[in-house]
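Read off the chains here:
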Amino acid sequence: MSPAPADAPVAPAIRTVLGDIPPAGLGVCDAHDHLFLRSPQLLGQELDDAGAAAAELSAFRAAGGAAVIQWTPYGMGRRAAELPRLARESGVRIVAATGLHQAAHYSPELLARVRPDLAGLFVAELTEGIGGTGPRAGMIKVAGGFHGLDRHARHAMAAAAEAQRATGAAIGVHLELGTGAMDVLDLLCGELAVPPDRVILGHLNRSPDLVGHRTAAEAGAYLAFDGPSRAHHATDWRLPEALAALAAAGFGDRILLGGDTTTAGARSVNGGPGMPYLLRRHRERLARTLGADLVTRFLTANPARAFAAGWARAPHGSR
């Protein structure tokens, strides 16, 4: 059989820490969570215990989970070298992230070091491996601000757009308290020409703005509703209403669900909701309003499309 031409389309795949898999192989997916996370904004609550991460994955697997997308980006304690072992031992597929969070999560020295070639860093982690030899990242994570975008966010998003064009990877966006979705889409999909179906807007559950949700869905982005209620969040009690409205408007194929465990105290193994909550409580509650079939689509078919990419090879010299 002759080889495919160099410009032939590449079949979409999910890039896990153990290699690429077909989208249909992803299974029930926690579309936004963290196994490891460290930030000066969360001192004393770091997710850095590999044993606890393994226990959390085991609990998630026992609840029926099959895949976790870890949105922890560059410089925030991803512990990427641990992820392949955890995936093999747990049987849970893990997708790692490259990218950059808000400036407050980093030292000025680190930011000064990576800013000159941020896109090159993202591309290298997506195509070569995290740290040069670790598993490859399978998505890009960046962050907006509260109802707006500062200079740091714009720089990181420009780099993410460049890396997306070079690789095909999806871009996940932390929306601060669920705000600023249209500012993000105006920049990424308008000015920077990222296809809207390559953008995943995170934390929309934290702002129960049904008009804003629908506007973002109409633009073509994926909408992530990720995490149980925290103080001053409307996640649990408004979520069925928000998702029902989106589904009724024809956007049931845009919705993703996640857990977003960000502190040690929130792990299920430490008495918090953790990863299993998504399937043990959240899924059941949503199914009462929306029906089990639709909720299953949120957890399976939708993330399989959202995180799949053709994984174009970055051009030589892009780093």
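Predicted, not measured: the structure shown is a model, and the values here were computed from it.

The next subject is the overall build of the chain. Of the regular secondary structure elements, the chain holds 11 helices and 11 strands. Here the chain, with 319 residues, has 56% of them falling under the buried criterion. When the accessible surface of the chain is summed, it comes to about 12,900 Å², and 53% of that surface belongs to carbon and sulfur atoms. Distance from the positive charge centre (31 side chains) to the negative charge centre (30 side chains) of the chain: 3 Å.

Attention shifts here to unusual backbone geometry. Of all residues except glycine, most have a negative phi; of all peptide bonds, most are trans. One non-glycine residue, His147, lies in positive phi territory at about 60°. Within the secondary structure, His147 is located in the loop between strand S7 (139-143) and helix H5 (151-167). Of note, Ala193 is a non-glycine position whose phi angle comes to about 60°, a positive value. If you trace the backbone, Ala193 turns up in the loop between helix H6 (181-191) and strand S9 (199-202).

Put simply, helix H1 (residues 50-62) and helix H2 (residues 83-90) touch, their axes get as near as 10 Å, and they point 35° apart. When the axes of H1 and H2 are compared, the crossing they make is right-handed. In this structure, H1 contributes Ala50, Ala53, Ala54, Leu57 and Arg61 to the contact, and H2 contributes Arg85, Leu86 and Ser90. Tallied by class, the residues present in the contact of H1 with H2 amount to five nonpolar, one polar and two charged.

Strand order in the open sheet formed by three strands is S3-S4-S5, and the pairing between neighbours is parallel. Since the sheet does not close on itself, it has two edges, and those belong to strand S3 (29-33) and strand S5 (93-95), each with one partner. Direction aside, neighbouring strands of the sheet carry axes that sit 15° apart on average.

Looking now at the pairing of strand S11 (residues 255-258). Burial along S11 is two-sided: Ile255 and Leu257 facing one way and Leu256 and Gly258 facing the other are all buried. Here strand S10 (residues 222-226) runs beside S11; their pairing, made up of four bridges, is parallel. The residue of S11 that forms the bridge with Leu223 is Ile255.

The full count for this structure, using the stated rule, is 11 salt bridges. In this structure, Arg136 and Asp20 form a salt bridge, with 3.8 Å as the shortest nitrogen-oxygen distance. Here the residue Arg136 occupies a position in the loop between helix H4 (118-127) and S7, and Asp20 occupies one in strand S2 (residues 19-21), the gap between them amounting to 116 residues. Residue class for Arg136 comes out partly exposed when judged on its relative accessible area of 30%. With a shortest N-O distance of 3.1 Å, Arg79 and Glu82 are connected by a salt bridge. For Arg79, a relative accessible area of 33% gives the class partly exposed.

Now for the sheet that holds strand S8 (residues 171-174). In any sheet, the strands associate via hydrogen bonds between backbone groups, in a parallel or an antiparallel arrangement. Taken in spatial order, the six strands of this open sheet run S6-S7-S8-S9-S10-S11, and their pairing is parallel. Two strands close off the open sheet at either side, each with one partner strand: strand S6 (97-99) and S11. Going across the sheet, the axis of each strand differs from the next one's by a mean of 30°, ignoring polarity.

The next thing to look at is the side chain of His32. If you trace the backbone, His32 turns up in strand S3. Given a relative accessible area of 1%, His32 falls into the buried group. In this view, His32 contacts Ile69, Trp71, His203, Asp226, Leu257, Gly258, Gly259 and Asp260; residues no more than four positions away in its chain are not counted.

Covered by surrounding structure in S8 are Ile171 and Val173 together with Gly172 and His174, the residues of both alternating faces. Pairing of S7 with S8, which is carried by four bridges, proceeds in the parallel orientation. Residue Lys141 lies in a different strand from S8, and its bridge partner there is Gly172. Taken together, the four bridges between S8 and S9 define a ladder with parallel strand orientation. Within S9, the residue paired with Gly172 across the bridge is Ile200. Traced from S8 through H6 to S9, the parallel crossover comes out right-handed.

Moving on: the confidence of the model for the chain. In this model, the chain carries a mean pLDDT of 93, and residues with pLDDT of at least 70 account for 94%. Low confidence marks residues 1-6, where pLDDT is under 50. Its contacts with residues over four positions away, or in another chain, come to zero contacts. In this model, residues 315-319 is a region of pLDDT below 50 whose contacts with residues beyond four sequence positions or in other chains number seven contacts.

The buried count for H4 comes to nine of 10 residues, which makes it a mostly enclosed element. Taken residue by residue, H4 has Leu118, Ala119, Gly120, Leu121, Phe122, Val123, Ala124, Glu125 and Leu126 as its buried positions. Buried residues belonging to H4 abut strand S1 (14-16), S6, helix H3 (108-114), S7 and H5. Gly129 lies just past H4 and shows a positive phi near 140°.

Rules used in this analysis
- Residues numbered from 1 in each chain as written.
- Predicted model: local features only at pLDDT ≥ 70, side-chain atom pairs only at ≥ 80, totals over all residues.
- Heavy atoms only, no water.
- Helix = DSSP H or I, 4+ residues; strand = E, 2+ residues; numbered from the N terminus.
- Buried < 20%, exposed > 50% of the residue type's maximum accessible area, 1.4 Å probe, protein only.
- Areas by Shrake-Rupley, 256 points an atom, 1.4 Å probe, with all protein chains shown as cover.
- Lys, Arg positive; Asp, Glu negative; His and termini not counted.
- Charge placed at Lys NZ, Arg CZ, Asp CG, Glu CD.
- Axes fitted to C-alpha atoms, helices over the stretch in contact; angles between N-to-C directions.
- Left-handed = near helix turned anticlockwise from the far one by under 90°.
- Contact = heavy atoms within 4.5 Å.
- Nonpolar A, V, L, I, M, F, W, Y, C, P; charged D, E, K, R; others polar.
- Pairing = 2+ DSSP bridges.
- Salt bridge = Lys/Arg side-chain N within 4 Å of Asp/Glu carboxyl O.
- Right-handed = clockwise from strand over helix to strand, strands pointing away.
- pLDDT = per-residue confidence, 0-100.

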